[in-house]
Amino acid sequence: MAKEPSDEIKESKKATCKGMTTQIFVEEPYGPEAIEFYKIVFRATELSRVTKTIKTSDKIKGTARFESCELKIGPSCIIVSECNPDSYLVNKSSAGTRIGLVLKEIDGIIADAVELGAVSEEGDITTTGRRRAVIKDPYGIIWIIRSPALLP
């Protein structure tokens, strides 16, 4: 439970959020594969990718390791990272990640996702008249996809 804010905090200028970025974790070594999935299914654009070089005698994996990638999906960004034993930021007891998207073309997105290994739940119409579908991608992330609000 959060503490009661001090008078100083209550009186201070309020910070205004200008945006938010979600970071998702996929199991190692599936980071680069997940990125390609999101590029194809959600038409994501890769903004940046971070790799690191490690000392290893592993001739199969080599010395380059994927660390993270920033993707732009519509006006929003997500960061895709790999979950490995050194991932100190990961909450190991997390119940999972769910990300909501508003997309005009739901059917094509669902078809592409399923073709690439996602599992789709049956879609429905919400009480606000929007179409809704849910997919679980091959990396365990649940995507809730809604159409834009329908006009009366």
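Just so you know, these numbers come straight off a predicted model, no measurement behind them.

**Description of the overall build of the chain**
Here is step 1 of the chain: Check the secondary structure of the chain and you find 3 helices and 8 strands.
Here is step 2 of the chain: Seen in sequence order, the chain has helices and strands lined up from the N terminus as α-β-α-β-β-β-β-α-β-β-β.
Here is step 3 of the chain: Across the 152 residues in the chain, those meeting the buried criterion constitute 30%.
Here is step 4 of the chain: The contacts in the chain between residues at least 6 apart in sequence include a share of 53% that link residues at least 24 apart.

**Notes on the pairing of strand β4 (residues 76–83)**
Here is step 1 of the chain: Across the 8 residues that make up β4, a large majority, 6, are buried.
Here is step 2 of the chain: Looking at chain direction, strand β1 (residues 22–27) and β4 are connected through 6 bridges and run parallel. The partner of F25 across the bridge, within β4, is S81.
Here is step 3 of the chain: Strand direction decides the pairing type here: strand β3 (residues 64–73) and β4, joined by 6 bridges, are antiparallel. Of the residues in β4, the one forming a bridge with C69 is V80.

**Brief notes about the pattern of salt bridges**
Here is step 1 of the chain: For the structure on display, the rule yields 6 salt bridges.
Here is step 2 of the chain: A salt bridge links R43 to D112; the shortest N-O distance between them is 3.1 Å. Taken together, the positions of R43 in the loop between α2 (31–42) and β2 (45–53) and D112 in helix α3 (residues 106–115) put the pair 69 residues apart, joining distant regions of the chain.
Here is step 3 of the chain: Under the relative-accessibility criterion, R43 is labelled partly exposed at 48%.
Here is step 4 of the chain: Looking at D112, the relative accessible area reads 23%, which means it is partly exposed.

**Examining the confidence of the model for the chain**
Here is step 1 of the chain: On average, residues of the chain carry a pLDDT of 80, and 74% of them reach 70 or more.
Here is step 2 of the chain: Per-element confidence in the chain is highest for α2, whose mean pLDDT is 95, and lowest for helix α1 (residues 7–11), whose mean pLDDT is 66.

**Here we look at unusual backbone geometry**
Here is step 1 of the chain: In this structure, P29 follows E28 across a cis peptide bond, with omega equal to 10°.
Here is step 2 of the chain: Here P29 is to be found in the loop between β1 and α2.
Here is step 3 of the chain: Of note, R43 is a non-glycine position whose phi angle comes to about 55°, a positive value.

**A closer look at the nonpolar core**
Here is step 1 of the chain: The biggest cluster of nonpolar side chains holds 29 residues, and the ones touching the most others in it are Y38, F42, L71, V80, I135, W143 and I145.
Here is step 2 of the chain: It is α2 that contributes the most residues to this core, 6 residues altogether.
Here is step 3 of the chain: With sequence-adjacent residues up to four places away left out, V80 is seen in contact with I24, V26, G31, I35, Y38, F66, E67, S68, C69 and L71.

**Examining the sheet that holds strand β5 (residues 98–102)**
Here is step 1 of the chain: Taken in spatial order, the 4 strands line up as β5-β8-β7-β6 in an open sheet, and their pairing is mixed. Across the chains shown, the open sheet's two edge strands, defined by having one partner strand only, are β5 and β6 (119–125). With strand direction ignored, the average angle separating the axes of adjacent strands in the sheet is 15°.
Here is step 2 of the chain: As judged from the 5 bridges shared by β6 and strand β7 (residues 131–136), these two strands associate in the antiparallel manner. The residue of β7 that forms the bridge with E121 is V134.
Here is step 3 of the chain: Across the sheet, α3 touches β6, β7 and β8 (142–146), and the angle it forms with β7 is around 15°.

Scoring rules and cut-offs
Residue positions are given per chain, counted from 1 along the sequence in the order it is written. In keeping with the predicted nature of the model, local features appear solely for residues at pLDDT of at least 70, side-chain atom pairs appear and are counted solely at 80 or more, and the whole-chain, interface and lining totals rest on all residues. No hydrogens and no water enter the side-chain calculation; it runs on all heavy atoms of the structure. Numbered from the N terminus, helices here are DSSP runs of H or I no shorter than four residues, and strands are runs of E no shorter than two. For every residue, the accessible area (1.4 Å probe, protein chains only) is compared with the maximum for its type, and the residue is labelled buried under 20%, exposed over 50%, or partly exposed between those bounds. Here, residues are in contact when the closest pair of their heavy atoms is within 4.5 Å. Here, a strand pair is defined by DSSP locating no fewer than two bridges between the strands. Put simply, a salt bridge is a Lys or Arg side-chain nitrogen that is within 4 Å of an Asp or Glu carboxyl oxygen. Within a predicted model, pLDDT stands for the predictor's per-residue confidence, ranging from 0 to 100. Only buried Ala, Val, Leu, Ile, Met, Phe, Trp, Tyr and Cys residues count toward a nonpolar core, and they belong to the same one when joined by side-chain atoms within 4.5 Å. In this analysis, axes come from line fits to C-alpha atoms, helices being fitted only over the stretch in contact, and the angle between any two N-to-C directions falls in the range 0 to 180 degrees.

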